[in-house]
Amino acid sequence: MFEFFKRMKTIVNSELYALIEKAEDPIKMADQYLREMKAEIDEAEKTTAKVMAEEKLAKRKVEELKALIEKRNTQALEALKEGKEELAKQAIQNKLELGTELASMQNLLNESSQNVQMLQGKLREMSADYRELLIKRDSLKTRALAAKAQTAINRSLQTDTRSPAKEGFLRMEEKVLEYEALAEVSEELKSNQIDIDREFKKMESDRLVEAELKALRDTLT
């Protein structure tokens, strides 16, 4: 039952990547392995559940046989008290037969209990390995995507031709540089205009001051 799972664990321990790099799509291959492993776990769970059910039935049968043996022993004693020796013998005979059946059923119970413990242990191991593979799968996917991206970048760097997107971006960059140059010229022109206006305002102010001074002088003469 666990042969496929054992093979998968061996593959993982020896690096799953080395094997699936030869596949057309390593991520799909890894997912396929995981699906098969999950199916193994589901089958193991069903088997474990069946064996556990058998163990419960065996336990119940053992308890029933023990109770019946005790009952036959009590009945044999009662028959002897009543002087019914033949009936007592029949009860004892049945008790012995039940004892043989009990021994057989006890062996079956012990075997079922051992199988349950073994299967539960295997199931825990399988589930732990499956979770480990899920983590490895995520790591593998990340590595595959990074490798594809690196390959695309390397191919792009190996060619001298520019992509349309890059050409368009460079044109936009040149336009921005033109806008910046125009903005600088506009700022310089604006600054010059401000300086001229400031000089004319100063000249007008000086004229007004001189006129006021002249008016004051005239009042003194």
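Thresholds applied
- Residues numbered from 1 in each chain as written.
- Predicted model: local features only at pLDDT ≥ 70, side-chain atom pairs only at ≥ 80, totals over all residues.
- Heavy atoms only, no water.
- Helix = DSSP H or I, 4+ residues; strand = E, 2+ residues; numbered from the N terminus.
- Contact = heavy atoms within 4.5 Å.
- Areas by Shrake-Rupley, 256 points an atom, 1.4 Å probe, with all protein chains shown as cover.
- pLDDT = per-residue confidence, 0-100.
- Salt bridge = Lys/Arg side-chain N within 4 Å of Asp/Glu carboxyl O.
- Patch = residues over 30% accessible without salt bridge, like charges linked within 9 Å, V, L, I, M, F, W, Y side chains within 5 Å.
- Expected span 1.5 Å × (residues − 1).

### Digging into the overall build of the protein
For the protein, the count of helices and strands is 5 helices and 0 strands. Listing each helix as α and each strand as β along the protein from the N terminus yields α-α-α-α-α. A separation threshold of at least 6 residues defines the contact pool for the protein, and within that pool the share at least 24 residues apart is 82%. Per element, the accessible surface of the protein, about 17,100 Å² overall, is 55% carbon and sulfur.

### Brief notes about the confidence of the model for the protein
Chain-level pLDDT for the protein is 79 on average; 77% of the residues reach the 70-or-more range. The secondary structure element of the protein with the lowest average pLDDT is helix α2 (residues 16-20), at 51, and the one with the highest is helix α3 (residues 26-81), at 90.

### Comments concerning the environment of Y33
Turning to its location among the elements, Y33 is positioned in helix α3. A sequence separation of 104 residues divides Y33 from R137, and the C-alpha atoms of the two residues are 10.0 Å apart.

### Focus on the pattern of salt bridges
In the structure shown here, the tally under the stated rule is 5 salt bridges. Its salt-bridge partner being K38, residue D42 comes within 2.9 Å of it at the nearest N-O pair. Placement of the pair is D42 and K38 together in helix α3, with a separation of 4 residues, close to one helical turn. Taken together, the shared-partner salt bridges in this structure form one network comprising D31, R137 and D138.

### Brief notes about a nonpolar patch on the surface
Side chains of V209, L213 and L216 sit close together on the surface and give an oily, nonpolar patch of about 250 Å² of accessible area. If you trace the backbone, L213 turns up in helix α5 (residues 164-220).

### Things to note about α3
In a regular helix each residue adds 1.5 Å, so 56 residues correspond to 82 Å; α3 covers 83 Å between its end C-alpha atoms and thus fits that length. Among the residues trailing α3, G83 stands out with phi positive, at a value near 75°.

### Things to note about the side chain of S112
One can find S112 in helix α4 (residues 85-158). Aside from chain neighbours lying at most four places away, what touches S112 is V51 and E55.

### Concerning the environment of Y130
Of note, Y130 is situated in helix α4. For Y130 and M37, which are 93 residues apart along the polypeptide, the C-alpha to C-alpha distance reads 7.1 Å.

### Notes on the environment of L140
You can see L140 is positioned in helix α4. As for L140 and A30, which are separated by 110 residues in sequence, their C-alpha atoms are 8.6 Å apart.

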